[in-house]
Amino acid sequence: MSTRPSEPVYSTAIAAGRTLFGGLGIKQIVTGAENIPATGGAVLAITHFGYMDFALTEWMVWGRNRRRIRFMAKKGAFDKPVVGWLLRGMRHISVDMKAGAEAFSQAIVALRKGEMLGVFPEAGVNRSFTVRELKTGTVRMAAEAGVPVIPIAVWGGHRLLTKGRKPSLREAFRTPVSFAVGSAFLVDSTADAKESTIALRKTLESLLESAQAAYPVDGRGKWWQPAHLGGAAPTPEEAAVMEAERQRQKAAAEAESR
Ligand SMILES: CCCCCCCCCCCCCCCC(=O)OC[C@@H](O)COP(=O)(O)O
């Protein structure tokens, strides 16, 4: 692919994102950037601690090789009037969490066309800021499309915007965001998807540990630091309880609106 067709919606979003992150003085710390393929299909498997992970990852990738990531995102976002139009304009893929087959086949088509797909295999933001159990779809789609998985840990992006927390300019200003990009993870199509997924999770955890170890701000006692590293974030067990409660409330609200 020597030509890169113009995409006005995506280009506008990138311009807006660069202005925002540039204005906030976000500092990128990147290791393993050479692992991002310059061409061809690949699944980027990204950790998910904050709502800026999408844009931050695209910002980092764009700065390296000018590629546009097609993200898999919740159907709920696509159902919103303006946001939905924007997401479709950027050719992101809508995922119905209750019926994933449609999104899966769209993802395969995109990968076979040589697109770079961005997925968050934890299927949501985990308030403990630790890597929780992954869905198996990531490795299954890579195996089926015959493309590599590129594991990426993003650390610090949750300080900009995350679940259950009001964003603060002071917290965001000049915040370092680390990206640890791992080498291509080739999925053996004869291997069990569960096993490969466990291996992928271990890889993401070790990339995350390396990003945290080198992070230039001491997180001890801070809300954004995981409990096992001396931070004030809820433990994985507490986060799971909070998430179950949130799901229960959502289901109750949906039942009421019917
Ligand atoms: C400079 C770079 C700027 C580039 C802009 C391109 C970025 C594309 C933005 C895609 C945004 C997709 C938003 C989807 C929203 C969404 O799906 O997020 C929620 C979940 O994940 C986790 O949610 P949760 O249920 O709260 O755990």
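Residues numbered from 1 in each chain as written. Predicted model: local features only at pLDDT ≥ 70, side-chain atom pairs only at ≥ 80, totals over all residues. Heavy atoms only, no water.

**Here's the deal with the nonpolar core**
Moving on, step 1. Core analysis: the largest hydrophobic core is formed by 37 residues, its most contacted members being Val43, Met72, Leu117, Met141, Val149, Trp155 and Leu200.
Moving on, step 2. Among the elements of the structure, β2 (42-46), β4 (93-95), α5 (101-112), β5 (116-119), α6 (137-145), β6 (149-155) and α8 (193-214) are those that each provide at least two residues to this core.
Moving on, step 3. Take this core: its biggest share by element is 6 residues, from α5.
Moving on, step 4. Ignoring sequence-local partners within four residues, the contact set of Met72 consists of Phe54, Ile93, Val95, Ala103, Ala107, Leu117, Gly118, Val119 and Met141.
Moving on, step 5. Listed in part, the 31 residues of the second largest apolar core include Tyr10, Phe21, Ile152 and Val154. (Core = buried A, V, L, I, M, F, W, Y, C linked by side-chain atoms within 4.5 Å. Buried < 20%, exposed > 50% of the residue type's maximum accessible area, 1.4 Å probe, protein only. Helix = DSSP H or I, 4+ residues; strand = E, 2+ residues; numbered from the N terminus. Contact = heavy atoms within 4.5 Å.)

**Some words on the pairing of β5**
On a regular strand, each side chain points to the face opposite its neighbour's, so the side chains alternate between the two faces of the sheet.
Moving on, step 1. Side chains of β5 alternate between two faces, with Met116 and Gly118 and Leu117 and Val119 buried alike.
Moving on, step 2. Of the pairings in the sheet, the one linking β2 to β5 comprises 4 bridges and is parallel in character. Across the sheet, Leu44 pairs through a bridge with Gly118, a residue of β5.
Moving on, step 3. As defined by bridge partners, strand β3 (residues 69-74) adjoins β5 across 3 bridges and the pair is classed as parallel. The partner of Arg70 across the bridge, within β5, is Leu117. (Pairing = 2+ DSSP bridges.)

**Structural notes on the sheet that holds strand β1 (residues 27-31)**
Moving on, step 1. With mixed pairing, 7 strands are arranged side by side in an open sheet as β1-β7-β6-β2-β5-β3-β4. Single-partner strands in this sheet number two, and they are β1 and β4. Shown here is a sheet whose adjacent strand axes are inclined to one another by a mean of 25 degrees, direction ignored.
Moving on, step 2. Strand contacts of α8: β2, β6 and β7 (176-181), with the helix running at about 35 degrees to β6, the strand carrying the most contacts. (Axes fitted to C-alpha atoms, helices over the stretch in contact; angles between N-to-C directions.)

**Focus: the packing of aromatic side chains**
Two measures describe an aromatic ring pair: the distance that separates the ring centres and the angle between the ring planes.
Moving on, step 1. Scanning all chains against the criterion turns up 8 aromatic pairs.
Moving on, step 2. Seen in terms of ring centroids, Phe49 and Phe129 are 6.2 Å apart; in terms of plane orientation they differ by 80 degrees. Their pairing is edge-to-face. Of this pair, Phe49 sits in the loop between β2 and α2 (53-65) while Phe129 sits in the loop between β5 and α6, and the two are 80 residues apart along the sequence. Like Phe49, the residue Phe129 is buried in the burial classification.
Moving on, step 3. Where Phe54 meets Phe71, the ring centres are 5.3 Å apart and the plane angle is 75 degrees; that geometry is what we call edge-to-face. Separated by 17 residues along the polypeptide, Phe54 in helix α2 and Phe71 in strand β3 bring together distant segments of the chain.
Moving on, step 4. Note on Phe54: relative accessible area 22%, which makes it partly exposed.
Moving on, step 5. Classification of Phe71 as buried rests on a relative accessible area of 3%.
Moving on, step 6. Joined through ring pairs, the aromatic side chains of Phe49, Phe129, Trp155 and Trp223 make up one cluster. (Phe/Tyr/Trp six-rings, centres within 6.5 Å; stacked < 30°, edge-to-face > 60°.)

**Considering the site of the ligand**
Moving on, step 1. Close to the ligand lie 21 residues; His48, Tyr51, Lys74, Val125 and Lys163 are nearest.
Moving on, step 2. Measuring from an oxygen atom of the ligand, one finds a side-chain N or O atom of Lys74 at 2.3 Å.
Moving on, step 3. When the ligand is considered free in solution it has 720 Å² of accessible area, and contact with the protein chains removes 87% of it.
Moving on, step 4. For the shell around the ligand, the secondary structure elements donating two or more residues are α1 (8-24), α2 and β3.
Moving on, step 5. It is α1 that contributes the most residues to the shell around the ligand, 5 residues altogether.
Moving on, step 6. Among the residues forming the shell around the ligand, the class breakdown is 12 nonpolar, 4 polar and 5 charged. (Near = heavy atom within 4 Å. Polar contact = N/O pair within 3.5 Å; in protein donor to acceptor, adjacent residues only side chain to side chain. Areas by Shrake-Rupley, 256 points an atom, 1.4 Å probe, with all protein chains shown as cover. Nonpolar A, V, L, I, M, F, W, Y, C, P; charged D, E, K, R; others polar.)

**So, the packing of α5 against α6**
Relative orientation and spacing of two packed helices are given, respectively, by the angle between their axes and the distance between those axes.
Moving on, step 1. Interaxial distance between α5 and α6 falls to 9 Å at its minimum, and their mutual angle equals 45 degrees. In terms of their interaxial angle, α5 and α6 are classed as oblique. For the pair α5 and α6, the sense of crossing is right-handed. Residues Phe104, Ala107, Ile108, Leu111 and Arg112 of α5 touch α6, and the partners they reach there are Gly137, Arg140, Met141, Glu144 and Ala145.
Moving on, step 2. Residues that form the contact of α5 with α6 fall into these classes: 6 nonpolar, 1 polar and 3 charged. (Parallel < 35°, antiparallel > 145°, perpendicular 65-115°, else oblique. Left-handed = near helix turned anticlockwise from the far one by under 90°.)

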